[in-house]
Amino acid sequence: MSTRDGRTLYRIPQQGKIAGVCAGVAEYFGFETWLVRVVAVSIFLLGGSGIIFILYVALWMILDVKPVSSKVHDDISDIEVKRKVWQAGEPAKQALADVNSRFRSLESRLRSLERHVTSDNYDLKRQINNL
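Residues numbered from 1 in each chain as written. Predicted model: local features only at pLDDT ≥ 70, side-chain atom pairs only at ≥ 80, totals over all residues. Heavy atoms only, no water.

A. Region of interest: the overall build of the protein. On a plain count of helices and strands, the protein comes out with 5 helices and 2 strands. Counting only contacts in the protein whose residues sit at least 6 apart along the sequence, the fraction spanning at least 24 positions is 45%. (Helix = DSSP H or I, 4+ residues; strand = E, 2+ residues; numbered from the N terminus. Contact = heavy atoms within 4.5 Å.)

B. Looking closely at empty space enclosed by the protein. Tallied over the entire structure, the rule returns 1 cavity of 30 Å³ or more. Here the largest cavity is characterised by a volume of approximately 30 Å³. If you trace the largest cavity, you find it lined by Thr8, Tyr10, Ile12, Gly24, Glu27 and Tyr28. The element that contributes the greatest number of residues to the lining of the largest cavity is helix α1 (residues 21-29), accounting for 3 residues. Of the residues in the lining of the largest cavity, the class split is 3 nonpolar, 2 polar and 1 charged. (1 Å grid on protein atoms, 1.4 Å probe; cavity = no way out; pocket = protein on both sides within 12 Å on 5 of 7 lines; lining within 4 Å. Points joined across faces, edges and corners; volume = space filled by probe spheres on them. Nonpolar A, V, L, I, M, F, W, Y, C, P; charged D, E, K, R; others polar.)

C. Structural detail: helix α2 (residues 33-45). The first and last C-alpha atoms of α2 sit 18 Å apart over 13 residues, in line with the 18 Å expected at 1.5 Å per residue. Among all positions in α2, only Thr33, Val36 and Ala40 are buried. For α2, the angular spread of the buried residues around the axis is 70 degrees, confining them to a single face. (Expected span 1.5 Å × (residues − 1). Buried < 20%, exposed > 50% of the residue type's maximum accessible area, 1.4 Å probe, protein only. Arc of directions from axis to C-beta.)

D. The layout of surface pockets, seen in detail. One number sums up the size of the second largest pocket: a volume of about 310 Å³. Counting only elements with at least two residues in the lining of the second largest pocket, the list comes to α1, α2 and α3 (49-62). With 5 residues, α3 is the largest single contributor of residues to the lining of the second largest pocket. Within the lining of the second largest pocket, the residues separate by chemical class into 12 nonpolar, 2 polar and 2 charged.

E. A look at the pattern of salt bridges. Tallied over the entire structure, the rule returns 2 salt bridges. For glutamate 27, the salt bridge is made with lysine 66, and the minimal N-O distance between the two is 2.8 Å. Within this pair, whereas glutamate 27 is found in helix α1, its partner lysine 66 is found in the loop between α3 and α4 (92-117), the two being separated by 39 residues in sequence. In this structure, arginine 111 engages glutamate 107 in a salt bridge whose closest nitrogen and oxygen atoms are separated by 2.8 Å. Placement of the pair is arginine 111 and glutamate 107 together in helix α4, with a separation of 4 residues, close to one helical turn. (Salt bridge = Lys/Arg side-chain N within 4 Å of Asp/Glu carboxyl O.)

F. Geometry of the nonpolar core. Core analysis: the largest hydrophobic core is formed by 12 residues, namely Leu9, Ala19, Val21, Cys22, Val25, Ala26, Tyr28, Val36, Ala40, Tyr56, Leu59 and Leu63. Sorting the residues of this core by element identifies α1, α2 and α3 as the ones contributing at least two each. At 5 residues, the largest contribution of residues to this core is made by α1. (Core = buried A, V, L, I, M, F, W, Y, C linked by side-chain atoms within 4.5 Å.)

G. Representation of the packing of α2 against α3 in the model. The geometry of α2 relative to α3 is characterised by a closest axis approach of 7 Å and an angle of 135 degrees between their N-to-C directions. If you check the angle between α2 and α3, you find them oblique. Of α3, the residues touching α2 (which contributes Ala40, Ile43 and Phe44) are Ser49, Ile52 and Phe53. When the residues that make up the contact of α2 with α3 are grouped by side-chain class, the tally is 5 nonpolar, 1 polar and no charged. (Axes fitted to C-alpha atoms, helices over the stretch in contact; angles between N-to-C directions. Parallel < 35°, antiparallel > 145°, perpendicular 65-115°, else oblique.)

H. Examining the environment of tyrosine 28 more closely. Relative to the elements of secondary structure, tyrosine 28 occurs in helix α1. Separated by 21 residues in the primary sequence, tyrosine 28 and arginine 7 place their C-alpha atoms 7.0 Å from one another.

Written as structure tokens, this is what we have:
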């Protein structure tokens with residue numbers, strides 16, 4: 001629908017309970033999905049049932065389904081650390097564990113590459129190719 005900082009408002013049925021509207025709104029604004037659901041249900045129960053129902057159904061009809069991205073992200077910059085309880089993202093301990101596991105994976109790949117480049121087979125193949 002609209003863009004904010006290059007982001008687009010979608011509905012995400014895979015993460016949603018009914019149609020994924022609350023999940024899409026939460027992702028767009030950077031909140032936890034449960035918080036958006038609690039606010040919507042609270043407004044619904046406290047007398048705003050007509051407004052919330054009409055708004056939810058309208059967004060259900062208007063918003064496009066979020067496309068599934070097939071890109072594999074191995075970039076560390078993908079990790080968003082949660083600073084407040086209501087913000088979306090990972091807790092700091094989980095983010096640190098994810099970064100640590102990514103670095104361990106990269107280190108083992110680098111060691112394997114170094115072992116191959118410094119091996120006699122690599123040097124022999126290079127000399128044969130130079131002939």
